[in-house]
Amino acid sequence: MADITASAVKELREKTGAGMMDCKKALTETNGDMEAAVDWLRTKGLATAAKKSSRTAAEGLVGVAVEGTKGAAVEVNSETDFVAKNEQFQDFVRTVTKLALEAGDDVAALGAAAYPGGGTVSEKLTANIATIGENQTLRRAKIVEVSQGAIVPYVHNAAAPGLGKIGVLVALEGDAPVAEMEAVGKQIAMHIAAAFPQALTEDGLDPTVIERERAIAAEKAAESGKPAEIIEKMVQGAVAKFRKENALLSQIFVMDNKTPIAQVVANAAKAAGGSIVLKDYVRFQLGEGIEKEVSDFAAEVAAAANG
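Numbering of residues starts from 1 in each chain and follows the order in which that chain's sequence is written. For this predicted model, a pLDDT threshold of at least 70 governs which residues receive local features, and a threshold of 80 or more governs which side-chain atom pairs are given and counted, while totals over whole chains, interfaces and linings are taken from all residues. Excluding hydrogens and water, the side-chain values take into account all heavy atoms of the structure.

Observations concerning the nonpolar core
Ranked by size, the top nonpolar core spans 26 residues in total, and within it V168, V170, I276 and L278 carry the most contacts. If you list the elements that add at least two residues to this core, you get β4 (149–160), β5 (163–173), α8 (178–195), α11 (261–272) and β6 (277–285). Those residues in contact with L278, other than ones at most four positions away along the chain, are V170, A171, L172, I188, L200, L248, L249, I261 and V265. To define a nonpolar core, start from buried Ala, Val, Leu, Ile, Met, Phe, Trp, Tyr and Cys residues and group those joined through side-chain atoms within 4.5 Å. Using a 1.4 Å probe on the protein chains alone, a residue whose accessible area is under 20% of its type maximum counts as buried, one over 50% counts as exposed, and one in between counts as partly exposed. By size, the runner-up hydrophobic cluster in this structure holds 23 residues, among which are L61, A113, A141 and I143. Starting at the N terminus, helices and strands are each numbered in turn, a helix being any DSSP run of H or I of at least four residues and a strand any DSSP run of E of at least two. Two residues form a contact once any of their heavy atoms are found within 4.5 Å.

What to know about the packing of aromatic side chains
Here a pair means two rings of Phe, Tyr or Trp (six-membered ring of Trp) with centres within 6.5 Å. Their orientation is stacked below 30 degrees between planes, edge-to-face above 60, and tilted elsewhere. Taken as a whole and assessed by the stated rule, the structure comprises 1 aromatic pair. Measuring from centroid to centroid gives 5.8 Å for F92 and Y115, while their planes differ by 20°, and the two rings are stacked. Of this pair, F92 sits in helix α5 (residues 87–103) while Y115 sits in the loop between α6 (107–112) and α7 (121–132), and the two are 23 residues apart along the sequence. Assigned by exposure class, F92 and Y115 land together as buried. Note on criteria: charge over ring means Lys NZ or Arg CZ within 6 Å of the ring centre, with the direction from the centre no more than 35 degrees off the ring normal. Looking at R140, its charged tip hangs above the ring of F284, at a distance of 4.0 Å from the centre.

Thoughts on the confidence of the model for the protein chain
Confidence per residue, as judged by the predictor, is encoded in pLDDT with a range of 0 to 100. Overall, the prediction assigns the protein chain a mean pLDDT of 88, with 90% of residues at 70 or greater. Contacts of residues 49–57 to residues separated by more than four positions or lying in other chains number 28 contacts, the stretch itself having pLDDT below 50.

Quick look at the pairing of β5
Across the 11 residues of β5, 10 count as buried, placing the element largely inside the fold. As paired elements, strand β1 (residues 59–67) and β5 share 2 bridges and run antiparallel to each other. Bridged to G63 within β5 is L163. Of the strand pairs in this sheet, β4 and β5 are connected by 10 bridges, and their pairing is antiparallel. By the bridge assignment for β5, A150 is matched with L172. In this antiparallel pair of consecutive strands, β4 and β5, the connection spans 2 residues, and G162 shows a positive phi of 80°. The criterion for strand pairing is that DSSP finds at least two bridges linking the strands in question.

Considerations on the pattern of salt bridges
What counts as a salt bridge is simple: a side-chain nitrogen of Lys or Arg found within 4 Å of a carboxyl oxygen of Asp or Glu. On inspection of all chains with the given rule, the structure shows 15 salt bridges. Close ionic contact of E173 with K279 constitutes a salt bridge, the shortest N to O distance being 3.7 Å. One end of the pair, E173, is in strand β5; the other, K279, is in strand β6, and 106 residues separate them in sequence. Of the charged contacts, one joins E245 and K241 as a salt bridge, the two residues approaching to 2.7 Å between their closest N and O atoms. Highlighted residues: E245 and K241, both in helix α10 (residues 228–246), separated by 4 residues, approximately one helical turn. What emerges from the salt-bridge pattern is a single network uniting E75, R139, R140, R283 and E288.

Focus on the side chain of T43
Note that T43 resides in helix α3 (residues 34–43). Using a relative accessible area of 4% as the deciding quantity, one classes T43 as buried. Excluding residues that lie within four positions of it along the chain, T43 makes contacts with I216, E219, K220 and E223.

Some thoughts on the environment of G287
Structurally, G287 is set in the loop between β6 and α12 (297–306). Judged by relative accessible area, G287 falls into the buried class, the value being 0%. Expressed as a C-alpha distance, the spacing of G287 and V62, which sit 225 residues apart in the sequence, is 9.4 Å.

Structure (structure tokens):
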């Protein structure tokens, strides 16, 4: 049986909102497997949230840049938030984001791109590590583009113009006035930052995530003791609800809490007297999906002393 540490219980509690004893029991039941423990709590109805990837687990900055009908989002990680406030680091992220508009969103290709002043992006990053004294990583990039319309950027928790902890790009295609597109695009971008959609449409959701939700719903429904046909309807309803709540176009607009995003776009197009189609989006949250190593400094000192 795995040794269940206090830090593991604390991490699970932060991820799920469940009670401390429930978290300890979940980890015990799943032999310390964090993801399995999250699912265990959810099947028991004890978890209030399971969006691990919406939690910030690394430092650095997300940059967004727009040029015409093309936009780029880039994430560069650092070890501490202190570096994210460093002007040299900020200038690097800002420059690399602009370079991505031409180099594309393949990280290897972006790293090999020429950096202003000489060398490549990767070489400049290595030089920054040496001068700033902290490890840094060019983690990911994403490009969105439309043939006609507008790319609307938004940065939440901005550290500087175009740089922050959450970067969003909204790609709107159509012949409506650009000013009208930018207005509705800004509102949708703010919604995306807050609502954390996992895909543009329900069909775009990750099938493995859907199956995981189905399995959790099936286990919860089975505990009700209802007939098999009722259980199947309960499972189908739960999965349909998950799909609706996690696809951007079917999400309810956070600003009025009643209108689906697809209808928000349609209403804007009608008011503008032209066509507007929400073609794509990007939402980068600093450190999502990265697990930070938790260090127990007191334990390290004690171990060193005993050694």
